[in-house]
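Chain residues, written in single-letter form:
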Amino acid sequence: MEDNKAFHHRQLVKLGDMMGDGLHLEPGGKWISQEYKKIAQALGLIPKRKRANNSKAINERMAERVKETPCTFCKGELKQTRSGSMRARCVECGKLFGLLKRAK
Ligand SMILES: [Zn+2]
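Okay, so let's go over this structure. Since the model is a prediction, treat every value here as computed from it, not as a measurement.

Details of the packing of aromatic side chains
Argument step 1. Enumeration over the complete set of coordinates arrives at 1 aromatic pair.
Argument step 2. Taking 6.3 Å as the distance between ring centres and 45° as the angle between the ring planes, the aromatic pair formed by Phe 73 and Phe 97 counts as tilted. Taken together, the residues Phe 73 in the loop between α3 (50–68) and β1 (78–80) and Phe 97 in strand β3 (residues 96–98) connect sequence positions 24 residues apart.
Argument step 3. For Phe 73, a relative accessible area of 57% corresponds to the exposed category.

A few points about the sheet that holds β1
Argument step 1. The 3 strands are arranged β1-β2-β3 in an open sheet whose pairing can be described as antiparallel. Edge positions in the sheet fall to β1 and β3, since each of these pairs with one other strand and no more. Sheet twist, expressed as the average angle between the axes of neighbouring strands with direction ignored, equals 35°.
Argument step 2. As paired elements, strand β2 (residues 87–90) and β3 share 3 bridges and run antiparallel to each other. Residue pairing across strands places Arg 89 opposite Leu 96, the latter belonging to β3.

Here we look at the nonpolar core
Argument step 1. Residues Ile 58, Met 62, Val 66, Cys 71, Leu 78, Met 86, Ala 88, Cys 90, Phe 97, Leu 99 and Leu 100 constitute the largest nonpolar core, which totals 11 residues.
Argument step 2. At the level of elements, α3 and β2 are the ones that each hand at least two residues to this core.
Argument step 3. Apart from residues no more than four positions distant in its own chain, Phe 97 is found in contact with Cys 71, Thr 72, Phe 73, Leu 78, Met 86, Arg 87, Ala 88 and Cys 90.
Argument step 4. Counting 6 residues, the second largest nonpolar core, distinct from the first, contains Leu 15, Ile 32, Ile 39 and Leu 43.

Notes on the environment of Phe 73
Argument step 1. The spacing of Phe 73 and Lys 95 is 22 residues in sequence and 8.2 Å in space, taken between C-alpha atoms.
Argument step 2. Ignoring any residue separated from it by four or fewer positions in sequence, one finds Phe 73 in contact with Lys 95 and Phe 97.

Analysis parameters
- Residues numbered from 1 in each chain as written.
- Predicted model: local features only at pLDDT ≥ 70, side-chain atom pairs only at ≥ 80, totals over all residues.
- Heavy atoms only, no water.
- Phe/Tyr/Trp six-rings, centres within 6.5 Å; stacked < 30°, edge-to-face > 60°.
- Helix = DSSP H or I, 4+ residues; strand = E, 2+ residues; numbered from the N terminus.
- Buried < 20%, exposed > 50% of the residue type's maximum accessible area, 1.4 Å probe, protein only.
- Pairing = 2+ DSSP bridges.
- Axes fitted to C-alpha atoms, helices over the stretch in contact; angles between N-to-C directions.
- Core = buried A, V, L, I, M, F, W, Y, C linked by side-chain atoms within 4.5 Å.
- Contact = heavy atoms within 4.5 Å.

This is the structure in structure tokens:
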């Protein structure tokens, strides 16, 4: 749908102008930045699932960290709480540990 894409592009420019004027920061103007994001995603200008790639890198680093870090309470083995998480739980005593710091 080429027409649809052209329409989206026009909308994006229009919304971009409005944001340039700071309208999205005014009361009731939140939809402007939301709509902008939605259209930009529809056009493939910003990736929809950035977190998915991120969690893979986290999992790999976490796999290293749990290997070298025993539980500080009972020396038990740590396991990542869930995929993409920076926290690990001791399999023995259940204590939670933050093993990674979120990169800025
Ligand atoms: Zn423990």
